[in-house]
Amino acid sequence: METKGMPGDKGGLEKQALMDEIRRLKKEKNAVLLGHYYQVPEIQEIADFVGDSLALAQQAKNTTADIILFAGVHFMAETAKILNPDKKVLIPDLTAGCSLADACKAGDLKAMKAEYPDHMVLSYVNCSAEVKCLSDLICTSGNALKLVKSLLADQKILFVPDRNLGGYINRMTGRNMKLWPGCCEVHEMLKAENVLKLKQAHPEAKLIAHPECNQAVLEVADFVGSTAAMLKFIKEDASPAYVVATETGILHAMGKTCPEKTFYIAGADGSCGCNDCPHMKKNTLEKIYRCLMDESPEILLSDEVIRQAAKPIEKMLRMS
Ligand code: 13P
Ligand code: SF4
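Within each chain, residues carry numbers counting from 1 in the order of the written sequence. For this description, chains carry letters from A and ligands carry numbers from 1, given in the order in which they are written. For this predicted model, a pLDDT threshold of at least 70 governs which residues receive local features, and a threshold of 80 or more governs which side-chain atom pairs are given and counted, while totals over whole chains, interfaces and linings are taken from all residues. Heavy atoms throughout the structure, all of them, feed into the side-chain values; hydrogens and water do not.

A.B. asks: Which residues make up the overall build of the protein, and what values do they have?
C.D. replies: Helix and strand counts for the protein come out as 15 helices and twelve strands. As a reference, a globule follows 2.2 Å times the number of residues to the power 0.38, and the radius of gyration itself is taken over C-alpha atoms. Over its C-alpha atoms the protein spans a radius of gyration of 20 Å, differing by no more than 12% from the 20 Å that the globule rule assigns to 320 residues. When accessible area is computed with a 1.4 Å probe and restricted to protein chains, residues below 20% of their type maximum are described as buried, those above 50% as exposed, and intermediate ones as partly exposed. A burial count over the protein gives 56% of its 320 residues as buried. Computed with a 1.4 Å probe, the accessible areas rest on the Shrake-Rupley method; for each residue, only the protein chains presented here act as cover. When the accessible area of the protein is evaluated, it comes to approximately 13,600 Å², of which 52% is carbon and sulfur surface. In the protein, 39 side chains carry a positive charge and 42 a negative one; their mean positions are 3 Å apart. Helix numbering and strand numbering both begin at the N terminus, where a helix is a DSSP run of H or I of at least 4 residues and a strand a DSSP run of E of at least 2. In this charge count, Lys and Arg are treated as positive and Asp and Glu as negative; neither His nor the chain ends contribute. Every charge is mapped onto a representative atom, which is NZ of Lys, CZ of Arg, CG of Asp or CD of Glu.

Encoded structure:
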């Protein structure tokens, strides 16, 4: 992308000035900036609202802004568009995808549905709009357990696309949901032996993990929950330190929530905390500025996709 003349360029305004410009543009255009906890700190600082996938979807539904600028990944901005067909929804980088969304193509899900006609399709929000169109209900990591518990005990369920979150829910509820074999490339890298090594090095720390982690990590965790649930946990829990098994961006919000506590991010190889999501980290202040200036890239979906995909998302929001 052409970046010439942008604030933040060599010879241009510094980072603070770039943030001021973004603030000015947001006001001028009545735009709201929604940011996920996995964004870099400076984006979290400039966002009007920072949250997990569930809170961001709820926020997107309730906004009165004319423009929603989504600092997250593509499926999140799509969800915001589905909930706000009449608003302009922007994303700083259209290529910010997700390995979970990529793992489940609509055509493959259609074939699977034909194989399991008596199963309802419960899809994790980390999926494409086309997959949402084929789903009966959407969930996030923040409400998946609650939603599944509220379904009839004999309801057969096909859970897509995260086998780790689905497996966790099966273990917590005693269900036998059929699981799609997708996973998050970032959480899947975290290995129980490395996480435990870090915990042994810091015996005063509790292990908190996102349910996108594999079973071995989840089984040794003291607490499992979405990004927002982890933040709530550290606030209410008495422990002075935590080993954190999720994406690095969460540390910013954790440090702000509990500045007196210590956080050790669990890294893929046990020695470093380099588990940044390559998709989430495609967003930068420069791209946000350019996106607001140009009102592009924009999320565009057909009326039919919006109509179909809205049904299971709206149902989730009513049940949450
Ligand atoms: P939550 O926002 O629900 O914690 O999910 C994390 C995630 O993977 C977003 O991509
Ligand atoms: Fe997808 Fe994982 Fe990145 Fe979240 S952290 S956007 S689930 S690849």
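Read on for the rest.
A.B. asks: Any chance you could break down the pairing of strand β11 (residues 241-245) for me, citing the residues and the numbers?
C.D. replies: On a regular strand, each side chain points to the face opposite its neighbour's, so the side chains alternate between the two faces of the sheet. With five of its five residues buried, β11 lies for the most part within the structure. Neither face of β11 is exposed, since Ala241, Val243 and Ala245 on one face and Tyr242 and Val244 on the opposite face are all buried. Pairing of strand β9 (residues 205-209) with β11 involves five bridges; the strand directions are parallel. The residue bridging Leu207 from the neighbouring strand is Val243, located in β11. Strand pairing requires that DSSP identify at least two bridges connecting the strands.

A.B. asks: Mind laying out the site of ligand 2, listing which residues take part and the relevant values?
C.D. replies: In the vicinity of ligand 2, the residues found are Tyr38, Val73, Cys98, Ser99, Leu100, Asn126, Cys184, Glu212, Cys277 and His279. Along the lines of polarity and charge, the residues of the shell around ligand 2 split into six nonpolar, three polar and one charged. If even one non-hydrogen atom of a residue comes within 4 Å of a molecule or strand, that residue is called near it. In this classification, Asp, Glu, Lys and Arg are treated as charged, Ala, Val, Leu, Ile, Met, Phe, Trp, Tyr, Cys and Pro as nonpolar, and every other residue, Gly included, as polar.

A.B. asks: Please set out the site of ligand 1 residue by residue, giving values where relevant.
C.D. replies: Not every one of the 13 residues close to ligand 1 is listed here, only the nearest: His36, Ser53, Ser141, Glu212 and Thr227. At a separation of 2.8 Å, an oxygen atom of ligand 1 approaches a polar side-chain atom of Glu212. Separating an oxygen atom of ligand 1 from a side-chain N or O atom of Thr227 is a distance of 2.8 Å. In the complex, the protein chains occlude 96% of the 300 Å² of accessible area that ligand 1 would expose alone. Grouping the constituent residues of the shell around ligand 1 by class yields four nonpolar, seven polar and two charged. Identification of polar contacts relies on pairs of N or O atoms within 3.5 Å, with a donor-acceptor requirement for protein atoms, meaning one able to donate a hydrogen and the other able to accept it, and with residues adjacent in sequence counted only if both atoms are side-chain atoms.

A.B. asks: Hey, could you go over the environment of Ser53 for me, with residue numbers and the actual values?
C.D. replies: Inspection of the secondary structure puts Ser53 in helix α3 (residues 53-62). Those residues within four positions of Ser53 in sequence are excluded, and the remaining contacts are His36, Met76, Val125 and Thr140. In what follows, a contact means two residues having at least one pair of non-hydrogen atoms within 4.5 Å.

A.B. asks: Tell me about the packing of aromatic side chains, and please be specific about residues and values.
C.D. replies: What describes a pair of aromatic rings is the distance from one ring centre to the other and the angle between the planes of the rings. Think of it this way: a Phe, Tyr or Trp ring, Trp meaning its six-membered ring, pairs with another when their centres are within 6.5 Å, and the plane angle makes it stacked under 30 degrees, edge-to-face over 60, tilted otherwise. With the rule as written, the count across this model stands at three aromatic pairs. Taking the centre distance of 4.3 Å and the plane angle of 10° together, the rings of Phe223 and Phe233 count as stacked. You can see Phe223 sitting in strand β10 (residues 223-224) and its partner Phe233 sitting in helix α12 (residues 227-236), a full ten residues away along the chain. Judged by relative accessible area, Phe233 falls into the buried class, the value being 17%. Ring geometry for Tyr242 against Phe263: centres 5.8 Å apart, planes inclined by 15°, an arrangement best described as stacked. Residue Tyr242 is found in strand β11, and its partner Phe263 is found in strand β12 (residues 262-265); the two are separated by 21 residues along the sequence.

A.B. asks: Tell me what's going on with helix α4 (residues 74-83), and back it up with residues and numbers.
C.D. replies: Counting buried positions along α4 yields nine of ten residues, so the element is predominantly enclosed. Within the sequence span of α4, burial applies to Phe75, Met76, Ala77, Glu78, Thr79, Ala80, Lys81, Ile82 and Leu83. Buried residues belonging to α4 abut β1 (31-36), α3, β3 (67-71), β4 (88-90), α7 (129-133) and α15 (303-319).

A.B. asks: Hey, could you go over the sheet that holds β9 for me, with residue numbers and the actual values?
C.D. replies: Strand order in the open sheet formed by four strands is β10-β9-β11-β12, and the pairing between neighbours is parallel. Because the sheet does not close on itself, it has two edges, and the strands there are β10 and β12. Relative to β12, β11 is paired through four bridges, and the arrangement is parallel. By the bridge assignment, Tyr242 is partnered in β12 with Phe263. Orientation is described by axes fitted as lines to C-alpha atoms, over the contacting stretch for helices, and by angles from 0 to 180 degrees between their N-to-C directions. In the packing of α12 onto the sheet, the strands contacted are β9, β10, β11 and β12, and the crossing angle to β9 comes to about 160°.

A.B. asks: Outline the pattern of salt bridges, supporting the account with residue identities and numerical values.
C.D. replies: Within this document, salt bridges are pairs made up of a side-chain nitrogen of Lys or Arg and a carboxyl oxygen of Asp or Glu, the two lying within 4 Å of each other. Tallied over the full model, the rule gives 17 salt bridges. Note that Asp20 and Arg23 form a salt bridge whose closest N and O atoms lie 3.3 Å from each other. Highlighted residues: Asp20 and Arg23, both in helix α1 (residues 15-28), separated by three residues, approximately one helical turn. Classification of Asp20 by relative accessible area gives partly exposed; the value is 41%. Here Lys26 and Asp48 are joined by a salt bridge, their closest N and O atoms 3.1 Å apart.

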